[in-house]
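Understanding the architecture of this molecule
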Amino acid sequence: MDRTRLYRNGVLEAEGFPIDDVSDHIGDLSVAVWFDLCSPSPADLEKISEELGLHRLAVEDALHSDQRPKLDTYDSHLFITVYGAKLVSKHLELTEISIFVTKNALVTVRESPHFDIDAVIRRWDANAEMARYGVPYLLHGLLDYVVDGYFDVLQMIDDKVEALEDDLFEDNDADRLHIQRQTYEMRKSLVRFRRLAVPMREVVGSLLRKGVEMLDPALTPYYQDLYDHTLRAAEWTDSLRELVGNVREAHINQQGFRLNDIMKKITSWAAIIAVPTMITGFYGQNVPYPGFSQPLGFWTSTAAILVASSILYLVFKKKGWL
């Protein structure tokens, strides 16, 4: 469902009105209008484009998904692409959001309803007195909610990495398979997530550089704080990628250590088994030898097998090979 709001001189005056009525208010500089489109058709965007004078290339980007997070500047407006992120079960769920910013209008275009636009509205209403700063304040609330969602995702991944670190030294074959699968999935998610977090820093940085043109000085600290959050998100993402890589490397090293232990045990048992094989092979010769065809020969070979095997077993056990 499409959402609309109209602020006049910082006061919420109307909401839920038809988008067709936007053109009646857009010329009033004391008004700030926001409207949200969820999965719009090309015809819907074309109509909005005519009313607001949006650039054709920006409209095309809004219609085509999988855009890189970015900020494009046009003569009459800004065009911003960002992504809302949620970690659902083990999978990273992304929602592309295209944003058109004019002097007194903010247009959000969502590709799906998975992004909680009501939470953004609640954030605006929590600081209703800031609405007097118009569209830049509404844009800040939206971007701030998006970046806070990044921290929620990163915290969940961080908790999963800590759990993997705890499971890393558990002597359980099922855990080893679990660790291998989880590290692969988390590394894949972090690679996708980094493609959002790093460009988001550039988007907010560009908005700050344009602050002289579009931001009231009172809003500059808010955007600086938002920029700091994007830096932290990018750094946290890189840190988690390194941690997941360390867990994966430690897991591979553990497998190598376990393989070495197994090889030592196999080699030790092979050495023990080789002793009776050698002795019985010697006594199986068809030539006379001390004790040939006599009980003494049998007991001698049996004693030699037991003594030699026991000595080898004790030596290997002391070395920790068995």
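Residues numbered from 1 in each chain as written. Predicted model: local features only at pLDDT ≥ 70, side-chain atom pairs only at ≥ 80, totals over all residues. Heavy atoms only, no water.

Named according to an unreviewed UniProt entry, the chain is Magnesium transporter originating from Streptosporangium minutum. Word for word, the UniProt comment on the chain under Subcellular location (unreviewed entry) is "Cell membrane". Looking at the Sequence similarities (unreviewed entry) heading of the UniProt record, one finds this comment for the chain: "Belongs to the CorA metal ion transporter (MIT) (TC 1.A.35) family." (UniProt positions renumbered as here; feature names shortened; annotations may be inferred.)

With that settled, consider the overall build of the chain. When helices and strands are tallied, the chain shows nine helices and seven strands. Against the compact-globule benchmark of 20 Å for 322 residues, the chain has a radius of gyration of 35 Å, which places it well outside the compact range. Projected onto its principal axes, the C-alpha positions of the chain cover 120 × 40 × 30 Å. Expressed as a percentage of the 322 residues in the chain, the buried residues total 43%. Long-range contacts, defined as pairs at least 24 residues apart, comprise 63% of the intrachain contacts of the chain with a sequence gap of at least 6. Carbon and sulfur atoms form 55% of the exposed surface of the chain, whose accessible area is close to 17,400 Å². The averaged location of the 48 negative side-chain charges in the chain is 10 Å from the averaged location of its 34 positive side-chain charges. (Helix = DSSP H or I, 4+ residues; strand = E, 2+ residues; numbered from the N terminus. Rg over C-alpha atoms; globule rule 2.2 N^0.38 Å. Buried < 20%, exposed > 50% of the residue type's maximum accessible area, 1.4 Å probe, protein only. Contact = heavy atoms within 4.5 Å. Areas by Shrake-Rupley, 256 points an atom, 1.4 Å probe, with all protein chains shown as cover. Lys, Arg positive; Asp, Glu negative; His and termini not counted. Charge placed at Lys NZ, Arg CZ, Asp CG, Glu CD.)

Our focus in this paragraph is the nonpolar core. In this structure, Ile 80, Ile 99, Leu 106, Trp 124 and Leu 139 are the most contacted members of the largest nonpolar core, which totals 58 residues. Elements with a contribution of two residues or more to this core: strand E3 (31–38), strand E5 (78–88), strand E6 (91–101), helix H4 (117–126), helix H5 (135–167), helix H6 (173–209) and helix H8 (220–283). When residues in this core are grouped by element, the largest group, 15 residues, is from H5. Setting aside chain neighbours within four positions, we find Trp 124 in contact with Tyr 7, Trp 34, Leu 106, Tyr 137, Leu 138, Gly 141 and Leu 142. (Core = buried A, V, L, I, M, F, W, Y, C linked by side-chain atoms within 4.5 Å.)

For any pair of aromatic rings, the description rests on two quantities: the centre-to-centre distance and the angle between the ring planes. With the rule as written, the count across this model stands at five aromatic pairs. Pairing Phe 115 with Tyr 145 gives two aromatic rings, centres 5.5 Å apart and planes at 80°, and the pair type is edge-to-face. Taken together, the residues span a long stretch of sequence, with Phe 115 in the loop between strand E7 (105–110) and H4 and Tyr 145 in helix H5 at a distance of 30 residues. Phe 115 gets classed as buried once you look at its relative accessible area, which sits at 6%. (Phe/Tyr/Trp six-rings, centres within 6.5 Å; stacked < 30°, edge-to-face > 60°.)

Moving on: a nonpolar patch on the surface. A grouping of Leu 259, Ile 262, Met 263 and Ile 266 is seen on the molecular surface, where their side chains present a nonpolar patch of about 390 Å² in accessible area. Relative to the helices and strands, Leu 259 resides in helix H8. (Patch = residues over 30% accessible without salt bridge, like charges linked within 9 Å, V, L, I, M, F, W, Y side chains within 5 Å. Salt bridge = Lys/Arg side-chain N within 4 Å of Asp/Glu carboxyl O.)

A word on the sheet that holds strand E2 (residues 11–15). Sheet architecture is open: seven strands sit in the order E2-E1-E3-E7-E6-E5-E4, paired in mixed fashion. Both outer strands of the open sheet, E2 and strand E4 (70–73), are each paired with one neighbouring strand and no more. Going across the sheet, the axis of each strand differs from the next one's by a mean of 20°, ignoring polarity. Two strands pair when backbone bridges link them, and E3 and E7 are joined in this way by six bridges, in the parallel orientation. (Pairing = 2+ DSSP bridges. Axes fitted to C-alpha atoms, helices over the stretch in contact; angles between N-to-C directions.)

Glancing now at the side chain of Thr 95. Relative to the helices and strands, Thr 95 is located in strand E6. Its relative accessible area of 3% is what places Thr 95 among the buried residues.

Attention now moves to helix H9 (residues 295–319). Look at H9: 37 Å from first C-alpha to last across 25 residues, which is about the 36 Å you get at 1.5 Å a residue. Of the residues making up H9, those classed as buried are Gly 297, Ser 301, Ile 305, Ser 309 and Phe 316. (Expected span 1.5 Å × (residues − 1).)

What follows concerns the packing of helix H2 (residues 42–52) against helix H3 (residues 56–63). Axis separation between H2 and H3 bottoms out at 11 Å; the angle between their running directions is 150°. Relative to H3, the element H2 lies roughly antiparallel. As for how H2 packs across H3, the hand of that crossing is right-handed. Contacts between H2 and H3 pair Pro 42, Leu 45 and Ser 49 from the former with Val 59, Ala 62 and Leu 63 from the latter. Tallied by class, residues from the contact of H2 with H3 come to five nonpolar, one polar and no charged. (Parallel < 35°, antiparallel > 145°, perpendicular 65-115°, else oblique. Left-handed = near helix turned anticlockwise from the far one by under 90°. Nonpolar A, V, L, I, M, F, W, Y, C, P; charged D, E, K, R; others polar.)

Once that is clear, we can look at the environment of Val 204. Its place among the elements puts Val 204 in helix H6. Those residues in contact with Val 204 that sit more than four places away from it in its chain are Tyr 223, Leu 226, Tyr 227 and Thr 230.

Okay, the packing of H4 against H5 next. Look at H4 against H5: their axes get within 9 Å of each other, and the N-to-C directions meet at 125°. Between H4 and H5, the interaxial angle falls into the category oblique. For the pair H4 and H5, the crossing hand works out as right-handed. Packed against H4, whose contacting residues are Ala 119, Val 120, Arg 123 and Trp 124, the element H5 presents Tyr 137, Leu 138, Gly 141, Leu 142, Asp 144, Tyr 145 and Asp 148 at the interface. Along the lines of polarity and charge, the residues of the contact of H4 with H5 split into seven nonpolar, one polar and three charged.

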